[in-house]
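# A structural walkthrough
Each chain, letter by letter, is given below.
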Amino acid sequence: MKYIINNKAYEVVIIRKANKNTYIRIKEDLKIYVTTSYFTSSNKIKLLLDNNLLNLEKMLNRAQNKKERSELFYFLGRSYDIIIVPSLDIVIDDYIYVKSYDYLNKWLKKKTMEIFKERLDYIYNLFTEDIAYPCLKIRKMTSRWGVCNRVKQSITLNSELIKYGYEQIDYVIVHELSHFVYFDHSKNFWLTVNKYCPNYKQIRKSLKEG
């Protein structure tokens, strides 16, 4: 099944299960995945897509942005072309000149830890609340930008954050540190986030849009 959005045809993958509800997702392959019941007709699916056209456009935009970030080399909010120069370690200008992709990956891992630690130190010192200084962990995550563990007094940041700017990195750190004050997403929690990151709503939106 094909579905047209802005004069472009997208493949619709229909997954039938013993579901009561119908769910629509768009993945990085830019296909529209519809999970529905065994009894939902193609006409009903088409009508559902028509009724959710604006949401589909937003979902496609997010998926395209995510796909682009996975295919290009992004560092601190900017994309770079990589040029291999065996005689250099690494030089960052309008391009990234580096002796090998393996060296680039090792450099990026080290740089990510340095930058995240630097931003954590800075933001932690802004907090007037009495919270423990957390152990910083970094790993790649598919559905979360950060995780707070109050028992182990640690925060884990998504390594993919290094592709974004300092504004996004700082927001995620503020978010996770605020969980040491309020472990839920209550009004008081968001007031704490707002205290240290007044434009958090716009930043959250930019992260959702990819």
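That block above? That's the structure.
Let me begin by describing the structure that accompanies this report. Note that this is a predicted model, so its numbers are computed, not measured. (Residues numbered from 1 in each chain as written. Predicted model: local features only at pLDDT ≥ 70, side-chain atom pairs only at ≥ 80, totals over all residues. Heavy atoms only, no water.)

### A few points about the pattern of salt bridges
- On inspection of all chains with the given rule, the structure shows 10 salt bridges.
- With a shortest N-O distance of 3.4 Å, Lys99 and Asp89 are connected by a salt bridge. Note that Lys99 is positioned in the loop between strand 9 (96-98) and helix 3 (101-124) and Asp89 in the loop between strand 7 (82-84) and strand 8 (90-92), a separation of 10 residues in sequence.
- A salt bridge links Lys195 to Glu129, with the shortest nitrogen-to-oxygen separation between them at 3.1 Å. (Salt bridge = Lys/Arg side-chain N within 4 Å of Asp/Glu carboxyl O. Helix = DSSP H or I, 4+ residues; strand = E, 2+ residues; numbered from the N terminus.)

### Re the packing of helix 3 against helix 4 (residues 166-178)
- At a minimum axis separation of 10 Å, helix 3 and helix 4 run at an interaxial angle of 55°. The orientation of helix 3 with respect to helix 4, classified from their angle, is oblique. At the point where helix 3 passes helix 4, the crossing takes the right-handed sense. In this structure, helix 3 uses Ile115, Phe116, Arg119, Leu120, Ile123 and Tyr124 to contact helix 4, whose residues at the interface are Tyr166, Ile169, Asp170, Ile173, Val174 and Leu177.
- Here the contact of helix 3 with helix 4 is composed, by residue class, of 10 nonpolar, no polar and two charged. (Axes fitted to C-alpha atoms, helices over the stretch in contact; angles between N-to-C directions. Parallel < 35°, antiparallel > 145°, perpendicular 65-115°, else oblique. Left-handed = near helix turned anticlockwise from the far one by under 90°. Contact = heavy atoms within 4.5 Å. Nonpolar A, V, L, I, M, F, W, Y, C, P; charged D, E, K, R; others polar.)

### A word on the sheet that holds strand 7
- Taken together, the three strands give an open sheet; going across it, the order is 7-9-8, and neighbouring strands pair in mixed fashion. Two strands close off the open sheet at either side, each with one partner strand: strand 7 and strand 8. Neighbour to neighbour, the strand axes of the sheet diverge by 15° on average, direction disregarded.
- Bridge count for strand 7 against strand 9 is three bridges, and the pairing is parallel. Each bridged residue has a counterpart across the sheet, and for Ile84 the counterpart in strand 9 is Val98.
- Relative to strand 8, helix 3 is tilted by about 70°, and along the sheet it contacts strand 7, strand 8 and strand 9. (Pairing = 2+ DSSP bridges.)

### Side note on the environment of Arg119
- Within the secondary structure, Arg119 is located in helix 3.
- Considered as a pair, Arg119 and Asp130 are 11 residues apart in the sequence and their alpha carbons are 19 Å apart.
- Beyond its immediate sequence surroundings of up to four residues, Arg119 is in contact with Tyr166, Ile169, Asp170 and Ile173.
- Among the polar contacts listed, one links the side chain of Arg119 to the side chain of Asp170, at a separation of 2.8 Å. (Polar contact = N/O pair within 3.5 Å; in protein donor to acceptor, adjacent residues only side chain to side chain.)

### A closer look at the packing of aromatic side chains
- Scanning all chains against the criterion turns up seven aromatic pairs.
- A centroid spacing of 5.0 Å and a plane angle of 85° characterise the contact between Tyr124 and Tyr133, whose relative ring orientation is edge-to-face.
- The exposure class assigned to Tyr133 is partly exposed, which follows from its relative accessible area of 35%.
- Aromatic side chains Trp190 and Tyr200 sit 5.2 Å apart centroid to centroid with 15° between the ring planes, which places their arrangement in the stacked category. Note that Trp190 is positioned in helix 5 (residues 187-196) and Tyr200 in helix 6 (residues 200-209), a separation of 10 residues in sequence. Per residue, the accessibility class of Trp190 equals that of Tyr200, and both read buried.
- Chaining the aromatic ring pairs together yields one cluster made of Phe189, Trp190 and Tyr200.
- The ring of Tyr33 has Lys27 sitting right over it, with the charged end atom 4.5 Å from the ring centre. (Phe/Tyr/Trp six-rings, centres within 6.5 Å; stacked < 30°, edge-to-face > 60°. Buried < 20%, exposed > 50% of the residue type's maximum accessible area, 1.4 Å probe, protein only. Lys NZ or Arg CZ within 6 Å of the ring centre and 35° of its normal.)

### Remarks on the pairing of strand 4 (residues 32-37)
- Burial runs high along strand 4: six of the six residues are buried.
- Hairpin connection from strand 3 (residues 23-26) to strand 4: five residues lie between these consecutive antiparallel strands, with Leu30 at a positive phi of about 65°.

### As for the side chain of Thr156
- In this structure, Thr156 sits in strand 12 (residues 154-158).
- Of the residues examined, Thr156 reaches a relative accessible area of 9% and is grouped as buried.
- Discounting chain neighbours no more than four positions away, the residues touching Thr156 are Lys137, Ile138, Arg139, Met141, Trp145, Gly146 and Val147.

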